[in-house]
Every structure is written in C-alpha cells, then in structure tokens.
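Here is how the chains run, residue by residue.
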Amino acid sequence: MTAMLPYGRHSVTEDDIAAVAGVLRGDWLTTGPQVEAFEADLAAWTGGAGCATVSNGTAALHVAYAAAGVGPGDEVIVPPMTFVATASSAVALGAKVVFADVEEDTFTLDPAAAAAGTTSRTRVVSAVDYAGHPADYDALRAALGGHDALLLADAAHSIGASYKGRPVGSLADLTTLSFFPTKNLTTAEGGAVVSPHPELLKRARRFRGVGVVRERDEQRWPDEGGWHQEVHEFGLNYRLPDVLCALGRSQLRRLGEFLTRRDHLVARYDEALADLPGIRLPGRRAWARPAWHLYPIRVLDGRRREVYDRMRAAGIGVQVNYIPVHWHPAFADLGYRRGSCPVAESFYSQQLSLPLYPGLSDADQDRVIDALATALRAGSVRSAA
Ligand SMILES: *Cc1c(COP(=O)(O)O)cnc(C)c1O
C-alpha cells in the first residue's frame, strides 16, 4: 500500500544536510555568524527590509507584537481565517483581540471590516497572506485612517510573494515568517520578524534576546565593568541557533525553485479542476503575485466532510485550513461568538486544502485529481439514487 500523500512537506537535500553538519563541527552552535548571514540572505527576499530570525512563527508574532508595544488595554485586529497563533500571541501580551472578517475571493482581511473595527485603542491591525496570496495592503493602510496603529503582515505562507510589484516584507510595519516544515522553506522550527523601520527591528531583537542591553552607550550604569549587561524591558529567549540558520540559508537558495514548482502545480490544479462540478477554485487578484503555500478549494453542497473522509480513505492527506480562530474554546470562553465573521465561517464550512509541495510529482498530483473527481462523483450518484 502506498503511504498517505501529505498536504505539505519539506524538501531537504544533501546540500542542506552538509550545511547543518558543517555548523555542528564548528565553534558556534548558536549566537554565531550564521544568524546574521541568514538574516542578510532573507533581506534579499524582503526588498531590503531588515530581518530578525526567531525560534518559530508563533514566537515571531509574539516578538512583533511586543516590538509594537502591545499590552493590556490595547486592541489587535485579526482575521479569523488563520492559525490560532496570529491571535493568541497578542492575548499572551494582555491585549484584546478584535476579529474582523475576510474578503469573499482571497479570504484575506477585508479592509472595510478592519476599518470598522479600528478604534483609538487599536495598536496593531494584522493581515494574513492566506494560502500565499497577499492581503490588500494599500487598502489596509488606508483603513488605519488617522489612528496611529501599526500594520502587521502574518506572512507565514507568503515569503517570495509580491503585491503591486513590492515584495512581502516591505508591505507592512512588521512582517512575520514561519519556517515550519510545511511552509515554503524550512529550518525545522524557525521564523523571522521583518521590518523596514530600524527602531521596531531593534525592539524585536531585544525582546528575542531576553531584553538584554549590551550597547554601553545605551546602558544606565555603563561603568560597572566589562561583564555588565542590563535589562530595561522584559524579553524572552526566542533565538534561532546557527545550526538552523545554516539550514535556512541553504533552503533559501532553492526558494525560487520551490515557488516555481508550486506555481506549476497550481496551474495544473487550475486546469484539471476547472470544469469539475461541486467545487470552487481559489481566487486571485490582478495585483498579486502569490507564493502559493496552500491550494484551498471550496466543496459545495455541504459535502466538505464527506469529501475529506473519502480523500483520506483514498490515501490523500487533505487538510482543513483553518478552524475560525474565534471558535476555539479558549476564545469562546472569553465570550467570542460564532456568527460574528460570516464570510470566514462559511468559507471554513467548505474549505479543503489539496496536497501542494515542491516534491509532489505530476503523477501523484494526478492521483489527487482523480481521487477528488471520484469522491465528488460518488456522492452525486448516491444522492441521485
Ligand atoms: C504556521 C503559521 C504560524 C505559526 O508558525 P509556527 O512556526 O508553526 O509557530 C502563524 N501563522 C500562520 C498563518 C501560520 O500558517
């Protein structure tokens, strides 16, 4: 029996392994030269916006919100069509999350909904580049109006994408990345905070490094001795070690190839599924050059669960991305109610992610397409009988 095809998977080569082994033989396992080198390599993908690597994408969000000064009394606007961390990391800092609905075609944060939720208490508006399709950043910037809130891009899906010709990383005040194995490149666990604003990036680096101030000219008591260090604001240890930064640098060399392969597979899905009744294919705006991370279809007629089960039984590891964040019991217990974001909630009830990753062969993709066609047909035969 063939193994279950996953919905996402890393692609690791002998070169990646050699890069990691090289660091393990050297002097710096962490806080060494690979960290800055990976950060510099990443900045080539973010239009030059500065990058601070961190231990995972959830940490990146926690660090970014901390850098933005998010705390008790502040509100953070988040779309519910995302991984829970986009919201829960703001809760961890004592903020109140305000959920705002998504657009009907891209399922990214709706600028009108963001504007409606923005008040003088709003500290950050967080967009999510769902499936690798950038949110509408110019419209979101306008939605901030006169409020001095910051714009954050959760770009866990979208490194390498661009919006109106501008790369992800340069579009928001703070951008967060994840290098989990299913994402567009991997360091096993890993992530980064990106910002074109040096002051925000500096605050991010401080929080990542336990808040320690080593720069003598910034210390309150600089004449204590050579060993002296100070903490002015509390932080955590969210560093990404050299071992993993070396893996990231090696992976980054193939990011262009990965994205080309993802584009190829998306074009094949678009063509093969175009005339299949009972589903809708992902939308795309003219101004977007997505970095497709997911291939999210919609299964119509209330058949998502049945199609999910049939695909899984056929060895196709389809996934559902995502349970609306405000439906999680932790948010329900805080008083958040179902029905508040109808576009995201209705999308969730239909959503199904088909396998998409660079190592997916055309032949395996054809198996996915056949299994989907069979699953859809099976149901319609039964309902006709
Ligand atoms: C994966 C992901 C995260 C969290 O990243 P981790 O590296 O898994 O902590 C955050 N937001 C989105 C949209 C993600 O897909």
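Not measured: the values here are computed from a predicted model.

Asker: How would you explain empty space enclosed by the protein if you had to name every residue and give the values?
Answerer: Under the counting rule described, the total for this entry stands at two cavities of 30 Å³ or more. Considering only enclosed or pocket space, the largest cavity measures out at about 80 Å³ in volume. Residue lining of the largest cavity: 13 residues in total, with D105, T106, F107, P282 and P296 positioned closest to the centre. Tallied by class, the residues present in the lining of the largest cavity amount to eight nonpolar, three polar and two charged.

Asker: How would you explain helix α8 (residues 242–252) if you had to name every residue and give the values?
Answerer: Of all eleven residues making up α8, nine are buried, and the element is well covered by its neighbours. Buried within α8 are the following residues: D242, V243, C245, A246, L247, G248, S250, Q251 and L252. For α8, the secondary structure elements touched by its buried residues are α1 (14–24), α2 (33–43), β1 (50–54) and α9 (255–273).

Asker: Describe the sheet that holds β1, and please don't skip the residues or the numbers.
Answerer: Pairing is mixed across the open sheet formed by seven strands, whose spatial order is β1-β9-β8-β5-β4-β2-β3. In this open sheet, the two strands that pair with only one neighbour each are β1 and β3 (96–99). Across the sheet, the axes of successive neighbouring strands diverge by a mean angle of 20°, strand direction being ignored. Relative to strand β4 (residues 122–128), strand β2 (residues 75–78) is paired through three bridges, and the arrangement is parallel. Among the inter-strand pairings, E75 is bridged to a residue of β4, identified as T122.

Asker: Explain the site of the ligand to me, and be specific about the residues and the numbers.
Answerer: Near the ligand lie 14 residues; those nearest to it are G57, T58, D154, S178 and K183. Contacts to the ligand include H157, whose side-chain N or O atom sits 2.8 Å from an oxygen atom. At 3.1 Å from an oxygen atom of the ligand is found a side-chain nitrogen or oxygen belonging to Y322. When the free accessible area of the ligand is taken as 380 Å², the share hidden by the protein chains comes to 92%. Considering every element that reaches the shell around the ligand, the biggest residue donor is helix α3 (residues 57–67), with three residues. Residue classes in the shell around the ligand are distributed as four nonpolar, eight polar and two charged.

The rules behind these values
Residues numbered from 1 in each chain as written. Predicted model: local features only at pLDDT ≥ 70, side-chain atom pairs only at ≥ 80, totals over all residues. Heavy atoms only, no water. 1 Å grid on protein atoms, 1.4 Å probe; cavity = no way out; pocket = protein on both sides within 12 Å on 5 of 7 lines; lining within 4 Å. Points joined across faces, edges and corners; volume = space filled by probe spheres on them. Nonpolar A, V, L, I, M, F, W, Y, C, P; charged D, E, K, R; others polar. Buried < 20%, exposed > 50% of the residue type's maximum accessible area, 1.4 Å probe, protein only. Helix = DSSP H or I, 4+ residues; strand = E, 2+ residues; numbered from the N terminus. Contact = heavy atoms within 4.5 Å. Pairing = 2+ DSSP bridges. Axes fitted to C-alpha atoms, helices over the stretch in contact; angles between N-to-C directions. Near = heavy atom within 4 Å. Polar contact = N/O pair within 3.5 Å; in protein donor to acceptor, adjacent residues only side chain to side chain. Areas by Shrake-Rupley, 256 points an atom, 1.4 Å probe, with all protein chains shown as cover.

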